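If you want the building blocks of each chain, they are given just below.
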Amino acid sequence: MTESEWLDAWELQPMLEALRGKASERKLRLFAVAVCRRIWRLLEDDRLRKAVEVAEGQAEGPFDLEELAVAALGAQTAAEEAKAERLDAVMAAAYAAYSASSPHEEGAEDGISWANHAFMMALSATCRARHGGDQGTWHATAKAELTESCRLLRDLFGNPFRPPPAIDPTWLAWDGGLVQRLAEDAYEVRSLPEGGLDNARLAVLADALEDAGCTNAELLDHLRDPGPHVRGCFAVDWVLGKA
């Protein structure tokens with residue numbers, strides 16, 4: 001995949017493949033969580049919502065494989081029950097939650113597979129819930145969800161062909177550490193259950209960075225863009241030193 005293809009892509013699998021060897025397990029799990037939060041209304045079973053919340057909490061590490069396993073088992077059981085009841089959309093949503101919370105020891109490389117599986121299950125759940133037998137609606141919904149999920153992936157990973165520069169310590173020290181505090185605030189404050197970061201806080205962070213001396217247009221523009229932005233946003237992570 002080339003840089004221009006990455007920036008214009010609306011198909012997810014080639015983008016995930018382009019991240020192979022470059023993506024952290026944390027980022028991939030947060031992406032899986034983000035696509036599950038987009039179908040939150042289909043995750044009515046408490047076991048499914050718990051699985052997504054555990055996966056998100058575990059993303060920062062250190063990983064508690066036992067807690068992840070319990071959450072994933074609950075999601076898998078809910079998926080099997082939905083399958084038995086022929087609740088296709090709920091079953092697909094449940095398997096998305098299962099993928100997000102799946103415990104594994106292979107790290108980021110294996111994470112490529114389960115992040116993609118979580119997305120594909122979330123996509124299937126959305127299409128099944130909306131298409132009503134109309135194939136035209138199905139395809140339109142699928143393309144819209146693919147486009148939005150590619151935008152989510154770019155929010156988390158930015159442009160892997162042009163990694164952000166090393167952050168200047170003087171920016172973090174500026175005005176008594178204001179930039180760091182604003183980034184921490186932007187990371188923590190979200191609209192739930194969707195999980196979106198607050199655009200106003202991101203814009204304030206961009207202003208503070210610029211006042212501190214940052215001139216990187218890609219980073220500043222991304223923080224000021226309406227999004228979507230979720231936990232793991234590459235620009236916020238860059239300030240906080242998260243990978």
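Everything numeric here is computed off the predicted structure, so don't read it as measured data. (Residues numbered from 1 in each chain as written. Predicted model: local features only at pLDDT ≥ 70, side-chain atom pairs only at ≥ 80, totals over all residues. Heavy atoms only, no water.)

(A) Molecular detail of the nonpolar core. One finds Phe31, Leu153, Leu209 and Val236 to be the most contacted residues of the largest nonpolar core, which totals 78 residues. Ignoring anything within four residues of it in the chain, the contact list for Leu153 reads Trp6, Leu12, Met15, Leu16, Leu19, Phe31 and Gly158. (Core = buried A, V, L, I, M, F, W, Y, C linked by side-chain atoms within 4.5 Å. Buried < 20%, exposed > 50% of the residue type's maximum accessible area, 1.4 Å probe, protein only. Contact = heavy atoms within 4.5 Å.)

(B) Representation of the packing of aromatic side chains. Inspection of every chain in the model, using the stated rule, returns one aromatic pair. A centroid spacing of 5.9 Å and a plane angle of 55° characterise the contact between Trp171 and Trp238, whose relative ring orientation is tilted. Taken together, the residues Trp171 in helix 9 (residues 169-173) and Trp238 in helix 13 (residues 234-240) connect sequence positions 67 residues apart. The burial state of Trp171 is the same as that of Trp238; both residues are buried. The side chain of Lys143 reaches across the aromatic face of Trp10, ending 4.9 Å from its centre. Between the NZ or CZ atom of Lys242 and the centre of the ring of Tyr187, over which it lies, the distance is 4.9 Å. (Phe/Tyr/Trp six-rings, centres within 6.5 Å; stacked < 30°, edge-to-face > 60°. Helix = DSSP H or I, 4+ residues; strand = E, 2+ residues; numbered from the N terminus. Lys NZ or Arg CZ within 6 Å of the ring centre and 35° of its normal.)

(C) A look at empty space enclosed by the protein. Under the defined criterion, the tally for this structure stands at three cavities of 30 Å³ or more. In this structure, the largest cavity encloses a volume near 50 Å³. Along the walls of the largest cavity sit Leu30, Val33, Ala34, Arg37, Glu56, Arg190, Glu194, Gly195, Val230 and Arg231, which together make up its complete lining. Looking at the lining of the largest cavity, the element that brings in the most residues is helix 3 (residues 25-37), giving four residues. (1 Å grid on protein atoms, 1.4 Å probe; cavity = no way out; pocket = protein on both sides within 12 Å on 5 of 7 lines; lining within 4 Å. Points joined across faces, edges and corners; volume = space filled by probe spheres on them.)

(D) Main features of the layout of surface pockets. By volume, the largest pocket is sized at about 330 Å³. In terms of lining residues, the largest pocket is bounded by 16 residues, among which Lys22, Lys27, Leu156, Phe157 and Pro164 are the most central. Elements with a minimum of two residues in the lining of the largest pocket: helix 8 (135-157) and helix 13. No other element matches helix 13, which puts three residues into the lining of the largest pocket.

(E) A look at the environment of Gln180. Note on placement: Gln180 falls in helix 10 (residues 178-188). Non-local contacts of Gln180, meaning those with residues more than four positions away in its chain, are made with Leu172, Val239 and Leu240.

(F) Geometry of the side chain of Gln58. Inspection of the secondary structure assignment puts Gln58 in helix 4 (residues 46-59). Within the structure, the side chain of Gln58 is placed 2.6 Å from the backbone nitrogen of Asp64, a separation counted as a polar contact. Residues within four places of Gln58 in sequence aside, it is in contact with Phe63, Asp64, Glu67 and Leu68. (Polar contact = N/O pair within 3.5 Å; in protein donor to acceptor, adjacent residues only side chain to side chain.)

(G) Up close: the confidence of the model for the protein chain. Per-chain confidence: the protein chain averages 90 in pLDDT, with 95% of residues scoring 70 or above. Confidence scores differ between elements of the protein chain, with helix 7 (residues 108-130) showing the lowest mean pLDDT of 79 and helix 11 (residues 199-212) the highest of 98. (pLDDT = per-residue confidence, 0-100.)

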